[in-house]
Amino acid sequence: MPGDEERATTDDAAPKTGNSATIAAAFADGPAYVPYLAVGDPDYESSLAYVEALDRGGADVIELGLPFSEPIAEGPTIQGAVVRALEGGMTPDRFFAFVEELDVDAPLVCMTYYNLIYQWGDSDGPRSFVERAAEVGLQGLVVPDLPAEEADPLREACDEFGLDLVFIVAPTTEGERLERIMEQVSGYVYVQARLGTTGAKSDVSDRTTESLDRLRGYDVPKAVGFGISTGEHAERIVAGGADGIIVGSALVDIVADGVENDRPTAAVAERLEALSRELKAGAERGFAARTADAAPGDAR
Amino acid sequence: MTETSTTETTTRPGRERGREDGKFGRYGGQYVPEALMPAIEELTDAYRRYVLGNEDGFMDEFRERLADFGGRPTPLQRAGRLSERYGREVYLKREDLLHGGAHKLNNALGQVLLAKYMGKERIIAETGAGQHGTATAMAAAHLDMPCTIYMGERDINRQRPNVFRMKLNGSDVKPVTAGRGTLKEAISETMRDWAATVEDTHYVIGSVVGPHPFPVMVRDFQAVISEEAREQAIGKAGDLPTDVIACAGGGSNTMGSFAAFVDDGSVALHAVEAGGSTLEVDEAAGVAPNSASLYAGEEGVLHGARTKLLQDSHGQIMESHSISSGLDYAGVGPELAYLVDEGRVTPVAVDDDAALEGFHRLSRTEGIIPALETAHAFGFLEEHADELGDRVVVTVSGRGDKDLESVIEETDKRDIAGAPDMSMFTGGI
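The shown structure was predicted, so the numbers you read here are calculated from the model rather than taken from an experiment.

Novice: What is the right way to read the overall build of chain B from this model?
Specialist: The helix and strand inventory of chain B stands at 18 helices and 14 strands. The C-alpha atoms of chain B give 20 Å as radius of gyration, which agrees with the globular expectation for 429 residues (22 Å, within 12%). Viewed in the frame of its principal axes, chain B has a C-alpha envelope of about 55 × 50 × 45 Å. For chain B, with 429 residues in total, the buried portion stands at 66%. The contacts in chain B between residues at least 6 apart in sequence include a share of 74% that link residues at least 24 apart. Accessible surface for chain B amounts to roughly 14300 Å². Of this, 47% is attributable to carbon and sulfur atoms.

Novice: Honestly, helix α9 (residues 160-168) of chain B in this entry has me stumped. Any pointers?
Specialist: Because an α-helix packs 3.6 residues into every turn, residues spaced three or four apart end up facing the same way. Residues and elements named next belong to chain B. Listed in full, the buried residues belonging to α9 are Asn162, Val163 and Met166. Along the axis of α9, the buried residues cluster in a sector spanning 105°; they form a single face. The exposed residues of α9 that point more than 90 degrees off its buried face are Phe164 and Leu168. In this structure, the buried side of α9 is in contact with β5 (122-127), α7 (131-142), β6 (147-152), α8 (153-158) and β7 (172-176).

Novice: Can you walk me through the pairing of strand β2 (residues 27-31) of chain B in this structure?
Specialist: Consecutive side chains along a regular strand alternate between the two faces of the sheet. All names here are of chain B. The buried fraction of β2 amounts to five of the five residues, a majority that puts the element mostly inside the structure. One ladder, built from two bridges, connects strand β1 (residues 23-24) with β2; its direction is antiparallel. Each residue of the ladder has a partner; that of Phe24, found in β2, is Tyr27. Linking β1 to β2, which pair antiparallel, is a turn of two residues; within it Gly25 sits at a positive phi near 60°. Two strands pair when backbone bridges link them, and β2 and strand β12 (residues 304-309) are joined in this way by two bridges, in the antiparallel orientation. Across the sheet, residue Tyr31 finds its bridge partner in β12, namely Gly304.

Novice: Please clarify how empty space enclosed by the protein should be interpreted in this entry.
Specialist: Taking a probe equal in size to a water molecule and rolling it over the atoms shows the remaining empty space. Going through the model one piece at a time under the given rule, you end up with nine cavities of 30 Å³ or more. Approximately 330 Å³ is the volume found for the largest cavity. Lining the largest cavity are 31 residues, and of these His103, Lys104, Ser252, Gly326 and Leu327 of chain B lie nearest its centre. Mapped by element, the contributors of at least two residues to the lining of the largest cavity are β5, α7, α10 (183-197), β9 (243-248) and α13 (252-258) of chain B. Residues from two domains meet in the lining of the largest cavity; each of domain 1 (35-69 + 104-218) and domain 2 (76-100 + 223-420) of chain B gives at least three. Within this model, the second largest cavity holds a volume of roughly 140 Å³. Mapped onto the lining of the second largest cavity, the elements with two or more residues apiece are β8 (244-247) and α12 (249-260) of chain A. Of the residues contributing to the lining of the second largest cavity, the split by class is ten nonpolar, six polar and two charged.

Novice: Help me understand the environment of Pro144 of chain A in this model?
Specialist: Its place among the elements puts Pro144 of chain A in the loop between β4 (140-142) and α8 (152-161). Residues Pro144 of chain A and Ala73 of chain A, spaced 71 residues apart in sequence, show a C-alpha to C-alpha distance of 6.7 Å. When near neighbours in sequence (up to four residues on either side) are disregarded, Pro144 of chain A contacts Ala73, Met111, Thr112, Tyr113 and Ile168 of chain A together with Val32, Pro33 and Glu34 of chain B.

What counts and what doesn't
- Residues numbered from 1 in each chain as written.
- Chains lettered and ligands numbered in written order.
- Predicted model: local features only at pLDDT ≥ 70, side-chain atom pairs only at ≥ 80, totals over all residues.
- Heavy atoms only, no water.
- Helix = DSSP H or I, 4+ residues; strand = E, 2+ residues; numbered from the N terminus.
- Rg over C-alpha atoms; globule rule 2.2 N^0.38 Å.
- Buried < 20%, exposed > 50% of the residue type's maximum accessible area, 1.4 Å probe, protein only.
- Contact = heavy atoms within 4.5 Å.
- Areas by Shrake-Rupley, 256 points an atom, 1.4 Å probe, with all protein chains shown as cover.
- Arc of directions from axis to C-beta.
- Pairing = 2+ DSSP bridges.
- 1 Å grid on protein atoms, 1.4 Å probe; cavity = no way out; pocket = protein on both sides within 12 Å on 5 of 7 lines; lining within 4 Å.
- Points joined across faces, edges and corners; volume = space filled by probe spheres on them.
- Domains from an automatic or database assignment.
- Nonpolar A, V, L, I, M, F, W, Y, C, P; charged D, E, K, R; others polar.

Functional significance is not addressed by these values, which are geometric in nature.
Set out below in structure tokens:
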């Protein structure tokens, strides 16, 4: 395996505590359930109810998608959510108002594309977006089209305002690239379970295990996403060594079904809460199985 | 390593720009999902070795195939009637005579051949007007590579002959229904395919856009246009041209037409963009009824690069519009954005009406039916000839056969002096 030689050198990497204490706490005791929804899908009010349902369902961190017109990393499910949210009038200003209005316990992370961050506010560059994100209480950012090489200005702004900057690690990321990303990441690392775009899949790739193996030497929580849709997936992923699971498309599917079948907001929220409980319980079963097997010293 | 014929160009800073790190001043870069980065690094390495270094004789084989399969060099033709009309020497760089009927083959053949040298097994590409798609399909058939082309649904309807040509060459054409179904959506969809198949697939991007190394690599493949034109102009006119005019969408024809002249300070470079119906934008509807990103765009990040974009005040990308689907794109190559900021390239917008008039004028006066993209350059020539120097080179980026249905429909809506009566054709040809 190509990663084997490199991995030995990564054990002395500096531990990353992260900027946000609440994100660190979310991963501190047991596996983290990290759900995603596009904010404003299909409209502002329903979206508030849906995100709060995720919180009641046991979310440890919530990723809030700020919709961008060209979501190149997303599969058809989340593209659909983005289109509905944009048609529903979602803008960065309304997104920030939404975050302020939201009544949840879980720390919130904004997932969006770099152009929206770059364009926001009067000044060029990402600083004013991050300043506003901190004001409304966001704890971190995930930016799928911003590789570590281009991330310095955003990294500096996040450090200045105490936000975490989460990076995605793909199955193809290894060697020097992996080290470069791990130098920039804080909060948690988003481990992409398979190649391609986001979307629920019936199987969970073997490449997840390979990716987790490559990351073993780095002291930052590893949350696996792309394709997780059931409690059983969650259990298997956490048993395999993940510190958390990120679930998007399976939840968005419930919202889309609600739109297509004109279901009441409360009914959709109930289903989101129920799937959240299932995923969280699956993650906890996986964690229990792992800690029962684990050798002492494997703190996570 | 085989000796290359680039000794002259390596001493010219304009040709070196961006090769090292993909940055053109504040523009360029590599803004892509992490899953694509290893492939982009692999491609950067292959670009350096094969394209810049001519490893394994890559560039020699490329030039030979461009000559034998593509029909290069294309002529630089003096346009007699236009020269008379405008009172200055007008030369046409005839990329419409390249195999496939447009400049697009220069890049497509280069990239498909590169993919072959890299050991890739499959080709994907996006297309707007279908010219890049057909060029890629031809190159893929020629070099025996399976090929899938993504094309917006709206463009498929506007460019049916090209869809048919791609299928004849054995390519799979996949319609993209997102958004307005044009080039922007097709690029996003091709990037998604690539993110899933990156290990055995090469993405043949069709213009000088996208993440490094695409903007420099596509420019280098297309630079043959201006390398030839420069020598031909000196041969025919005894001097460099005073002006070079090229239409600009994503900018591959533009950079190809300008690359060898960028360091010749005396040569004015005019990038002619699609002004659509108006340069005003409809922010509420998210629509810019033009594709003039150099002229009217703002800096932003799209499809892997920082460049000039048509976007709203929040940074959402606008739906662009042009009568010609090949120019219908909300972004533009980062190097062009840089050259415009530096004052080296002058952007100008020509609207749908003037482009259509240009189409008919060139067809009638020179016996050349140009692509609607190309027709914008002739719209510019008509409006601004008095401001130009004595020796003008216009790149005829492609021929107009693919546009006949659109031209019939659009001409019928308008009153264009000298245009034939189209009403008898409006039921389709």
